[in-house]
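Residue strings, one per chain:
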Amino acid sequence: MAANLNSFHSFRTRLESLDCPYIEDVDDSWVTELLFQPGESRIRLLQWVFARLDPKLQEMMENPYAASDTRMDSRLQRLLVIASSLGLCKMDDIDLIRGAASSSRQNAFWDQLLDIVCINDASEDHRKHQLASPGMISETMPLQEQLHHDSNLMDSIAKMDSLSAMFETKMNILPPDLMRMINNTAKADGFADGERPLPPDLKKLQAVAAQLAMDLSAANTQLLHLTQNYNYQKDDDQVVSTVSETMKLILSELAQLITSFSYSFENEMRQWCNKAPPKLTQLGPTFKDVHSSLQQFSVILQGLATVRSSFTNLRSLSTSHATAMQDITPSMDEFALASQVVVESFRECIDIMEDSSIRHEGNWTQSAILNASVI
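Cut-off values and rules
Residues numbered from 1 in each chain as written. Predicted model: local features only at pLDDT ≥ 70, side-chain atom pairs only at ≥ 80, totals over all residues. Heavy atoms only, no water. Helix = DSSP H or I, 4+ residues; strand = E, 2+ residues; numbered from the N terminus. Contact = heavy atoms within 4.5 Å. Areas by Shrake-Rupley, 256 points an atom, 1.4 Å probe, with all protein chains shown as cover. Buried < 20%, exposed > 50% of the residue type's maximum accessible area, 1.4 Å probe, protein only. Arc of directions from axis to C-beta. Salt bridge = Lys/Arg side-chain N within 4 Å of Asp/Glu carboxyl O. Core = buried A, V, L, I, M, F, W, Y, C linked by side-chain atoms within 4.5 Å. Phe/Tyr/Trp six-rings, centres within 6.5 Å; stacked < 30°, edge-to-face > 60°.

Caption draft 1: Structural context of the overall build of the chain. Within the chain, the secondary structure is distributed over 15 helices and zero strands. For the chain, contacts bridging at least 24 residues in sequence account for 50% of all contacts bridging at least 6. Taken as a whole, the chain presents about 29,300 Å² of accessible surface, with 60% of it coming from carbon and sulfur.

Quick look at the structure:
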């Protein structure tokens, strides 16, 4: 209890030294609730402390385009990113930023955060240069106990297995893209990983450099030619202003969409992403085979129905055709009578032709033969 009371007084003293506006003329219960209870007041205090550490963090924490129902979660996420980047908590320790963690963890968090801010404030204020030091002595524990903890920390760091690797500096002279290109070229030439080909010949390098110089000179000549022969339109201030305002509006809408998506993902989608994947059975191929067989059977039934319909139509057509043929077929007497009429008509035609032939050409013997053959 005494340790917590000392921590509380230490926190209040440091906040007063920083001229915190949230603890002016308030009692201790309000300061305790401000530091250790979740709510809007705690979020505003954290924003003020981080902004006091670096004013540029204020732009990162404030988002005027966020919706009212999503601004709370968005601000907590931004505070968590800043605190984790300072080494005060982990990336997923949102309960510590919200104020729902244990009192011991919150004490340690506020102690480290206020130490950082006070040291930074002392280093920037010329009136406090004489009080500035590489570190501040915590008032929450005795000096001997803090010295003991610091000594144990240095011993544990010195006994780490990877301590020697921390001091092994590997300098990369070339940028990563060129190093990647060199490694790919070495692998293409048959070199193993870590092996490097021999340095190129100096004369070849000079020849390549001379060629590059010639190419650069030609490019400069073309650029000078374009600059002299073509007059490019200058920027219009009004157009630039219009485009800037349009881009600002588009970016603000994009910020709103990103904030809404982040809120929806955190509250509605993340819980489904963390679930275990379903276990599939082997019924899928069986259902697929049964469905294929059913489709083939349906096609066969449709074909049989088509054949049956065609047969029924052909049968009805054949029956009606036979009936019609019986109705229109004439008798033998009708055929004989019709033949006799045709013969009489043909005989009259022959007589007419014979008379005509006798009048114009004389005797036509072939007509008599034809008449006898017909009779």
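Caption draft 2: Examining helix α2 (residues 28-36) more closely. V31, L34, L35 and F36 are the residues of α2 that are buried. Viewed along the axis of α2, the buried residues span an arc of 165°, placing them on a single side of the element.

Caption draft 3: Expanded view of the pattern of salt bridges. Scanning the entire structure with this criterion turns up eight salt bridges. The closest approach of N and O atoms between E40 and R44, which form a salt bridge, is 3.2 Å. Taken together, the residues span about one helical turn, with E40 and R44 both in helix α3 (residues 40-53) at a distance of four residues. When its relative accessible area of 42% is taken as the criterion, R44 is described as partly exposed. A network of salt bridges, in which partner residues are shared, links R14, D111 and D115.

Caption draft 4: The nonpolar core, seen in detail. With 37 residues, the main nonpolar core has F50, I97, F109, W110 and L113 as its most contacted residues. At the level of secondary structure, the elements contributing two or more residues to this core comprise α1 (2-17), α2, α3, α4 (57-61), α5 (68-85), α6 (94-98) and α7 (103-124). If you tally residues by element for this core, the top one is α3, at eight residues. Apart from the residues within four sequence positions on either side, I97 is in contact with R42, L46, L76, L79, L80, A83, C89 and F109.

Caption draft 5: Structural context of the packing of aromatic side chains. For the structure shown, the criterion picks out three aromatic pairs. Ring centres 5.8 Å apart and planes at 70° place the aromatic pair F109 and W110 in the edge-to-face group. The class for W110 is buried, based on a relative accessible area of 0%.

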